[in-house]
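The chain contents come next:
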Amino acid sequence: MPRVVSGMRPTGKLHLGHLEGALKNWNRLQHEYDCFFFVADWHALTTDYADPSQIRPNTLLMVGDWLAAGLDPNRATLFVQSLVPEHAELHLLLSCVTPLGWLERVPTYKEQRENIRDKDLGNYAFLGYPVLQAADILIYQAHFVPVGEDQVPHIELTREIARRFNKLYGEIFPEPQALLTQAPRLPGTDGRKMSKSYGNDIRLTDPPDVMWEKLRTMVTDPARVRRTDPGNPEVCPVYALHRVFSPPEHQQQVNVECRRAGIGCVECKRLLYENLRERLAPIADKSAYYESRPEQVRELLIEGSRRARQRAAQTMDCVRAAMRIAV
Ligand code: TRP
Ligand code: SF4
């Protein structure tokens, strides 16, 4: 069975963008492939090394949401990167064959160094971030990597590193392919891409009153100032959420009535709210269940990591032999 690998940085409780952009896809893939899904806690450390205090609690909360959204630890291998130290060993070996120029050219590197002002990203590990990611993928000799568009340059680099390695030492690594998530990018409450770091996210687990307050104050078509002004759903972030979370008849209704000022924004948002609640209530219940049982989540991750480690160790045996560093 072809292998699939993907990772998420431990950001704590997940939001609608994670659900549509990643979890829905992972859920489907776990029935079709041998899947390895992991918490990229070392990747978090490359940027949050000055204050690592949130990484552990965020790991447990995030995996609780994975389970709540339907990931099944008996189907997919769910694990924590730092519990599989073979990733670090392969990272070191791959760093030997990776030219600095390849890393300096990665678009996320320049962007983040320019945009993230509150952290010092002049550290060695941050430049090496994509090499660690390549190790995460190649160590399972993965065929597919489900990711969002922003990660494509990292997968490209992973393929280049695999080719270079294979040419030098022999064909060990298949060249992994990105599986692009089809879902549209979800806007957050301010209309920008939904992201925890922008503070514009709607969590899977927001209590009803919190969720309604976020929707009530969410930006709409900026040209629709008064209730009597007709609006344009095409430019409205609320409508972008209707497109994903409301049934076709509600989408149709909003699409028609908004344009002739037949529905007010509050009413429109209320409709979205009801549809969101219906979809999220069962997930929120399960998430609360796991939040109150962190030990259970921890144990399942330890067991998943043990399984991942067995598979990783197999690859490392081949790698050491190919590089002639086994004695
Ligand atoms: N860099 C990814 C992100 O920020 C997370 C990640 C780390 C990852 N290792 C990976 C994704 C391996 C896919 C495969 O989203
Ligand atoms: Fe947006 Fe709905 Fe208001 Fe139209 S009615 S502008 S779709 S919130």
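Just so you know, these numbers come straight off a predicted model, no measurement behind them.

What follows is about empty space enclosed by the protein. The final tally for this structure, using the stated rule, is one cavity of 30 Å³ or more. Volume-wise, the largest cavity comes out at about 100 Å³. Thr-220, Asp-221, Arg-224, Pro-233, Cys-236, Val-238, Tyr-239, Val-254, Cys-258, Ile-263, Cys-265 and Cys-268 together form the lining of the largest cavity. Elements represented by at least two residues in the lining of the largest cavity include exactly α11 (237-245), α12 (248-259) and α13 (265-291).

Contacts to ligand 1 come from 13 residues, most closely from His-43, Tyr-129, Gln-133, Asp-136 and Gln-151. Residue Tyr-129 places a side-chain N or O atom 2.8 Å away from a nitrogen atom belonging to ligand 1. For ligand 1, a nitrogen atom lies 3.0 Å from a polar atom in the side chain of Gln-151. Among the secondary structure elements, those contributing two or more residues to the shell around ligand 1 are β1 (3-8), α8 (129-138) and β4 (144-147). A total of four residues in the shell around ligand 1 trace back to one element, the largest contributor, which is α8. Residues that form the shell around ligand 1 fall into these classes: six nonpolar, five polar and two charged.

What follows covers the pairing of strand β2 (residues 34-39). Within β2, five of the six residues are buried, which leaves it mostly tucked inside the rest of the structure. Relative to β2, β1 runs parallel, the two sharing six bridges. The partner of Met-8 across the bridge, within β2, is Val-39. In this sheet, strand β3 (residues 77-80) lies alongside β2 in parallel orientation, the contact comprising four bridges. Within β3, the position partnered with Phe-38 by the bridge is Phe-79.

Once that is clear, we can look at the packing of aromatic side chains. Enumeration over the complete set of coordinates arrives at 12 aromatic pairs. Taking 6.4 Å as the distance between ring centres and 65° as the angle between the ring planes, the aromatic pair formed by Phe-126 and Tyr-129 counts as edge-to-face. Each member of the pair Phe-126 and Tyr-129 is classed as buried. Taken together through their ring pairs, the aromatic side chains of Phe-36, Phe-38, Phe-79 and Tyr-140 make up a single cluster. The ring of Trp-212 is capped by Arg-270, whose NZ or CZ atom sits 4.5 Å from the centre of that ring. Directly above the ring of Tyr-289 sits Arg-293, whose terminal nitrogen or CZ lies 3.8 Å from the centroid.

What follows concerns the packing of α13 against helix α14 (residues 294-322). Running from N to C, α13 and α14 point in directions that differ by 85°, and their axes come no closer than 6 Å. Judged by the inter-axis angle, α13 sits roughly perpendicular to α14. Mapping the contact onto sequence places Tyr-289, Tyr-290 and Glu-291 in α13 and Pro-294, Gln-296 and Val-297 in α14.

Tallying each qualifying case throughout the model produces 20 salt bridges. One salt bridge in this structure joins Arg-306 and Glu-303, with 2.8 Å as the shortest N-O distance. In this pair, Arg-306 and Glu-303 are both assigned in helix α14, three residues apart and thus about one turn of the helix distant. The class for Arg-306 is partly exposed, based on a relative accessible area of 43%.

Attention shifts here to the pairing of β1. Taken across its six residues, β1 has five buried, putting it largely inside the fold. Regarding topology, helix α1 (residues 16-29) serves as the crossover connection from β1 to the parallel β2, and that connection is right-handed.

Over its 14 residues, helix α3 (residues 55-68) extends 20 Å from the first C-alpha to the last, a length consistent with the 20 Å expected when each residue adds 1.5 Å. Burial runs high along α3: 10 of the 14 residues are buried. If you check which residues of α3 are buried, you get Ile-55, Asn-58, Thr-59, Met-62, Val-63, Gly-64, Asp-65, Trp-66, Leu-67 and Ala-68. Looking one or two residues beyond α3, the residue adopting positive phi is Gly-70, at roughly 120°.

The next point concerns the site of ligand 2. Every residue near ligand 2 is listed here: Thr-220, Asp-221, Arg-224, Cys-236, Val-238, Tyr-239, Val-254, Cys-258, Cys-265 and Cys-268. In a pocket analysis with a 2 Å cut-off to the grid points, ligand 2 is assigned to the largest cavity. Counting residues per element, the ones that place at least two in the shell around ligand 2 are α11, α12 and α13. Taken together, the residues that form the shell around ligand 2 break down as seven nonpolar, one polar and two charged.

It is worth spelling out the nonpolar core at this point. Grouped together as the largest cluster of nonpolar side chains are 50 residues, with contacts concentrated most on Leu-16, Leu-23, Phe-37, Trp-66, Leu-78 and Leu-215. In this structure, this core is formed jointly by two domains, domain 1 (3-186 + 294-323) and domain 2 (205-288), each of which donates at least three residues. Setting aside residues no more than four positions away along its own chain, Trp-66 makes contact with Met-8, Leu-14, Leu-23, Trp-26, Phe-37, Phe-38, Val-39, Leu-71 and Leu-78. Judged by nonpolar contacts, the second largest core, of 40 residues, contains Leu-90, Leu-94, Ile-137 and Val-147.

Criteria and thresholds
- Residues numbered from 1 in each chain as written.
- Chains lettered and ligands numbered in written order.
- Predicted model: local features only at pLDDT ≥ 70, side-chain atom pairs only at ≥ 80, totals over all residues.
- Heavy atoms only, no water.
- 1 Å grid on protein atoms, 1.4 Å probe; cavity = no way out; pocket = protein on both sides within 12 Å on 5 of 7 lines; lining within 4 Å.
- Points joined across faces, edges and corners; volume = space filled by probe spheres on them.
- Helix = DSSP H or I, 4+ residues; strand = E, 2+ residues; numbered from the N terminus.
- Near = heavy atom within 4 Å.
- Polar contact = N/O pair within 3.5 Å; in protein donor to acceptor, adjacent residues only side chain to side chain.
- Nonpolar A, V, L, I, M, F, W, Y, C, P; charged D, E, K, R; others polar.
- Buried < 20%, exposed > 50% of the residue type's maximum accessible area, 1.4 Å probe, protein only.
- Pairing = 2+ DSSP bridges.
- Phe/Tyr/Trp six-rings, centres within 6.5 Å; stacked < 30°, edge-to-face > 60°.
- Lys NZ or Arg CZ within 6 Å of the ring centre and 35° of its normal.
- Axes fitted to C-alpha atoms, helices over the stretch in contact; angles between N-to-C directions.
- Parallel < 35°, antiparallel > 145°, perpendicular 65-115°, else oblique.
- Contact = heavy atoms within 4.5 Å.
- Salt bridge = Lys/Arg side-chain N within 4 Å of Asp/Glu carboxyl O.
- Right-handed = clockwise from strand over helix to strand, strands pointing away.
- Expected span 1.5 Å × (residues − 1).
- Sits in = over half its atoms within 2 Å of the grid points.
- Core = buried A, V, L, I, M, F, W, Y, C linked by side-chain atoms within 4.5 Å.
- Domains from an automatic or database assignment.

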